[in-house]
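So the chains spell out like this:
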Amino acid sequence: MREVAVIGTGMTKWGELWEKSLRTIFVETALLALKDAGVDKIDSMYVGSMSSGLFVGQEHIASLLADYLGQTPVPSARVETACASGGLAFKLGFMEVASGMSDVVLVSGIEKMTDVNGHEATFALGTAADQEYEGYHGITFPGLYALIAMAHMEKYGTTREQLAMVAVKNHKNGAKNPLAQFPFEITVDMVLNSVMVAKPVVKVVGMGHATDTIALSSRKDITWLEATYQAGKRAYEMAGKKPEDIDVIEVHDCFTIAEICVMEALGIVEKGKGGKAVEEGLTALEGKIPVNASGGLKSKGHPVGATGVAQIIEITKQLRGESGERQVENAKVGMTQNMGGSGGSAVVHIFEKE
Amino acid sequence: MPTPSRYWREIPQRYRFETNQCTKCKVKFFPPRLICPECKNQDLQKAKIEEKGKLLTYTIIRVPPHQYVDQAPYAVGIVELDDGVKLTGQVVDCDFDDIKIGMRLKLEFRKIYQEGDSGILCYGYKFVPE
């Protein structure tokens, strides 16, 4: 397998972006990534998007976006695993370069969520849960994570204050991120390749991808994210790293309880100790293992399909030392964890500065 | 709006609690499956789920999907039935303050929602105190 590195990134400010269409957001951001990487030719493209069909009524966006970026006839594919779509797009780009099939791949995550009204957007997001056996009974996404939170509080004594501290910490970090904005809307992009460039090379050293039941009620333990555990285990094995080797990590805090459960599943803290770790400042920017220096989904925003790629951009910038006020000192090894639904899909990547 | 067939084909499990289980490892599924995720056995037999169990977790939904707007706020929980099957549904016929993790509940056949004034009346199960 060939070595693979992130050679350039691009991200525009997230927001409602009423004046911009999905294709415009994509092209603006992709051009930033191409410029940052110093390439004008790519071999292939992957687009992570959860639901362009429900959000903008447009399927087949892989070719549409390749066309508007002026890149046809390069092969382009859109991939979907709910909110883990961006992470999955990166995985496929990584595999394509690692296999030797392509040298330069443009990986992007995009979601335009303000072209439909609130009810329609809620419906579109709700399709990531089991429609027949969860959605049918009136459960929502905040509701599903509330079920996890209530079970975690009952089982481990995690408190509401500890959950709130996750949000407080992430907003503190997000305030230092010029691209973060609470109302979502994004474009993200990045290019990978195995060629040395002037900036510090950020290599992809580990990758894991796993699934779990999408219905929460079908799981043995409601408080445990098995797909994240499995994806993390594979990524650690491939990278030859342990949880204590990670200097900075971006996790999928779609809700505060999610960050706590993810830290436990990735072995950053012991099972049941996630709430206490936040309370003690272990995961703060100046803590032992800074979690979500970017502000996380909570403060940076969460245009669902784009999130996984934005996490990788944050880690790339952290390892390059380009994160300004929110820079984690001496960060050499970074990790991203992206998940879909209530944890039914998970993608984990590990990066190392050369 | 979905076609009636999408609703109609779920009736055996939603109305009559019919499902299936693995003939080898005896794990009971809900809803029914075609292959056992534990032992990969495809030889499955018909089964019914127990109608009583205990509440594992719950939450109060205050911002509902559009078809439930007239019902909010309402409680949704996950119940573990006495045969180990876990399922999601609304907890009704009790005050929110009286809902406690671990409480005994039973399944009852109830109306779930209505697809507009001229649409399908959707039925299924809800949980009530035992």
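Remember, it's a predicted structure, so these values are computed and weren't measured experimentally.

**Section: the sheet that holds strand E2 (residues 28–29) of chain B**
- What the three strands build is an open sheet, ordered E2-E1-E3 (chain B); its pairing is antiparallel. The open sheet has two free edges, formed respectively by E2 and strand E3 (44–48) of chain B, since each of these has just one partner strand.

**As for the pairing of strand E8 (residues 333–340) of chain A**
Residues and elements named next belong to chain A.
- Buried residues dominate E8, accounting for seven of its eight residues.
- Two strands pair when backbone bridges link them, and strand E7 (residues 248–250) and E8 are joined in this way by three bridges, in the parallel orientation. In the strand pairing of E8, Val248 is matched with Gly334.
- Linking E8 back to strand E9 (residues 345–353) in an antiparallel pair, the connection comprises four residues, with Gly341 at a positive phi of about 65 degrees.

**What about the interface of chain A and chain B?**
- With 22 residues of chain A at the contact, the number on the chain B side is 24 residues.
- Elements with a minimum of two residues in the side of chain A that touches chain B: helix H5 (118–126) and helix H6 (141–156) of chain A.
- Broken down by element, the side of chain A that touches chain B gets its largest block of residues, six residues, from H6(A).
- By residue class, the composition of the side of chain A that touches chain B is ten nonpolar, nine polar and three charged.

**Regarding the confidence of the model for chain B**
Residues and elements named next belong to chain B.
- When the pLDDT values of chain B are averaged, the result is 93; 98% of them are 70 or greater.
- Helix H1 (residues 4–8) is the least confidently modelled element of chain B, averaging 86 in pLDDT, while E3 averages 97, the highest of any element.
- Predicted complex metrics record ipTM = 0.84 and pTM = 0.84.

**Regarding the pairing of strand E7 (residues 104–114) of chain B**
Residues and elements named next belong to chain B.
- Here strand E4 (residues 52–61) pairs with E7 via three bridges, running antiparallel. Looking across to E7, one finds that Lys54 is bridged to Arg104.
- Sheet analysis places E7 next to strand E8 (residues 121–129), joined by nine bridges and oriented antiparallel. Bridge pairing in E8 links Tyr113 to Cys122.
- Linkage of E7 to E8, two consecutive antiparallel strands, is achieved through a turn of six residues, within which Gly116 is found at a positive phi near 75 degrees.

**Some words on helix H4 (residues 85–98) of chain A**
Residue and element names in this part refer to chain A.
- Between its terminal C-alpha atoms H4 stretches 20 Å, which fits the 20 Å expected from 14 residues at 1.5 Å a residue.
- Along H4, the residues classified as buried are Ser85, Gly86, Gly87, Leu88, Ala89, Phe90, Lys91, Gly93, Phe94, Glu96 and Val97.
- A positive phi of about 90 degrees marks Gly100, the residue just after H4.

Rules behind the numbers
Residues numbered from 1 in each chain as written. Chains lettered and ligands numbered in written order. Predicted model: local features only at pLDDT ≥ 70, side-chain atom pairs only at ≥ 80, totals over all residues. Pairing = 2+ DSSP bridges. Helix = DSSP H or I, 4+ residues; strand = E, 2+ residues; numbered from the N terminus. Buried ≥ 20, exposed ≤ 12 C-beta atoms within 10 Å, placed from the backbone. Contact = placed C-beta atoms within 7 Å. Nonpolar A, V, L, I, M, F, W, Y, C, P; charged D, E, K, R; others polar. pLDDT = per-residue confidence, 0-100. Expected span 1.5 Å × (residues − 1).

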